[in-house]
Amino acid sequence: MTLWRADEIAAATGGTASADFAVGGVAFDSREVGPGDLFVALPGETSDGHRFVDQAAAQGAAGMIVARPVDYPHVRVADTHQALAALGRAARARAEAVSGARIIGVTGSVGKTGTKEAIFRALDRMAPGRAHRSLKSYNNHVGVPLSLARMPASTRFGVFEMGMNHAQEIAALTRMVRPHVAVITAIAPAHIENLGSIENIARAKAEIFEGLEPGGTAIIPFDTPQRDILIDAATACGARIVTFGLGAGADVRALERVPAHGGGTLITVQMPEASLCLTVAQPGEHWVSNALAVLAAVAAAGGDLGVAGLALAELPGMAGRGARLDIEVPGGTALIIDESYNANPASMRATLGVLAAEPATRRIAVLGAMRELGEDGPRFHAELAAPVAEAGIDLAVLVGPEMAPLADALGGRVAFVHVADADAAEAALAGRIAPGDVLLVKASNSVGLGRLVARLGATAGKGGE
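Here goes a summary of the coordinates provided. (Residues numbered from 1 in each chain as written. Predicted model: local features only at pLDDT ≥ 70, side-chain atom pairs only at ≥ 80, totals over all residues. Heavy atoms only, no water.)

### A short note on the pattern of salt bridges
- Per the counting criterion, the structure on display carries 21 salt bridges.
- Note that Arg362 and Asp437 form a salt bridge whose closest N and O atoms lie 2.5 Å from each other. With Arg362 in strand β19 (residues 362-368) and Asp437 in strand β22 (residues 437-442), the pair connects residues that are 75 residues apart, well separated along the chain.
- In this structure Arg362 comes out as partly exposed when scored by relative accessible area, which is 28%.
- With its nearest N and O atoms 2.8 Å apart, the salt bridge here joins Arg371 to Glu402. (Salt bridge = Lys/Arg side-chain N within 4 Å of Asp/Glu carboxyl O. Helix = DSSP H or I, 4+ residues; strand = E, 2+ residues; numbered from the N terminus. Buried < 20%, exposed > 50% of the residue type's maximum accessible area, 1.4 Å probe, protein only.)

Shown next, in the form of structure tokens:
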């Protein structure tokens, strides 16, 4: 399938094409270039993409966006960063003009990637092959325009994640995405080191409403203490407001919640236009909240709520964000709950609750540092002592120097070991995992516990007695 032709790329970016070519995909990492792709040579802090044009060509790149001459078919521009952003905006405009695409933007302190995936699965099930979303966590100043640039003209629904570390970052992204529906999943003290307060985090997330198309819908978490900040921001942008949550007064509300057979939660949902009963496959109260946001977004985008319910009932876990891995150990199997990609106080509590509800011979929690919490970091780590104790954990493996306050706060309440890094955590677990055990692995991505999960999956059961 042709995604872009050279003349279209040149028109979108203001560049000059060296030859006629067509591409079926877009990449900025030469290692991810596939046959027929467009390679965008971006300058970086430590390396320049122009150094890798030969590698991209060897891997099958059909064309390139560059800022200096190369010996391959290309479009030459003044600035490749700006060119990628321009190509993303052109893709957004093209999809709406050709297919009437409805665009959904998603942000939040926790749950945004899972919610984005769930919305996509619901809409893709309704319009197979005509829903598009940002892959992985491509939610920053490079990932968002890349995800937009990859959107085909035939797209009926586009779902894009937007993240931030500082104020005004989402404002720039949302003006590029121009969503018809903007979702905020939750507000929590993630990146509080840079923003100073939970209220400022809410204001930074509310920037997503600044890019809403006229008549667009703002999906807002009803139960958050910062709700009024979000509602005021959405109102100032002229948005139609839909709230979701558990509290009386939410527009999309879970009236009943009971554990579902085989895991997950059976919920009864009241919406302004309908009521429905469905199963949320992913366990935990936080996924009930995510599901309500999904239903609100699908309804606002003109999707099918029944199909959304089916998608939520079959939603798999994502690597680093709830994936479940059965591993072989001597005498049987154990279960790893992989939450290794991200961590903040709210998500830590939520996933500890999931571990507490999991049937297990023993519960083991491998918990790494929560990053970017600023001067309140020691307090946030220490305050995990209560949810750790309440989760019925038999062994806690605390990873990294930031976990020292939690080690002090646990005292004699829970058996634990405190280690320096992921390698030491693996050593601490050696020979300790037994049949029927459930391990929760949770930390900020930079701690490296994703590698621990991979190694446990590869090596468990291969040792001696």
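### Description of the sheet that holds strand β5 (residues 37-40)
- Read across the open sheet, the five strands follow the order β2-β7-β6-β5-β4; overall the sheet is mixed. The strands lining the two open edges of the sheet, one partner per strand, are β2 (16-17) and β4 (25-27).
- Pairing geometry for strand β6 (residues 63-66) and strand β7 (residues 74-76), over three bridges, is parallel. Opposite Met64, over in β7, you have His74 as the bridge partner.
- The strands touched by helix α1 (residues 6-13) are β2, β5, β6 and β7; relative to β7, the strand with the most contacts, the crossing angle is about 15°.
- Lying on the sheet, helix α3 (residues 80-99) is in contact with β5 and β6; it crosses β6 at an angle near 120°. (Pairing = 2+ DSSP bridges. Contact = heavy atoms within 4.5 Å. Axes fitted to C-alpha atoms, helices over the stretch in contact; angles between N-to-C directions.)

### Details of the packing of aromatic side chains
- Applying the stated criterion across every chain, the model contains one aromatic pair.
- When the ring of Phe28 is compared with that of Tyr138, the centres are 6.4 Å apart and the planes differ by 50°; the resulting orientation is tilted. Of the two residues, Phe28 is situated in the loop between β4 and β5 and Tyr138 in the loop between β9 (131-133) and α5 (143-149); the sequence distance between them amounts to 110 residues.
- Looking at Phe28, the relative accessible area reads 28%, which means it is partly exposed.
- For Tyr138, a relative accessible area of 14% translates into the label buried.
- In this structure, Arg94 is placed above the aromatic ring of Trp4, and the distance from its NZ or CZ to the ring centre is 3.8 Å.
- Sitting above the plane of the Phe380 ring, Arg379 keeps its charged end 4.5 Å from the centroid. (Phe/Tyr/Trp six-rings, centres within 6.5 Å; stacked < 30°, edge-to-face > 60°. Lys NZ or Arg CZ within 6 Å of the ring centre and 35° of its normal.)

So far we have only geometry, and geometry alone does not tell us how the molecule works.
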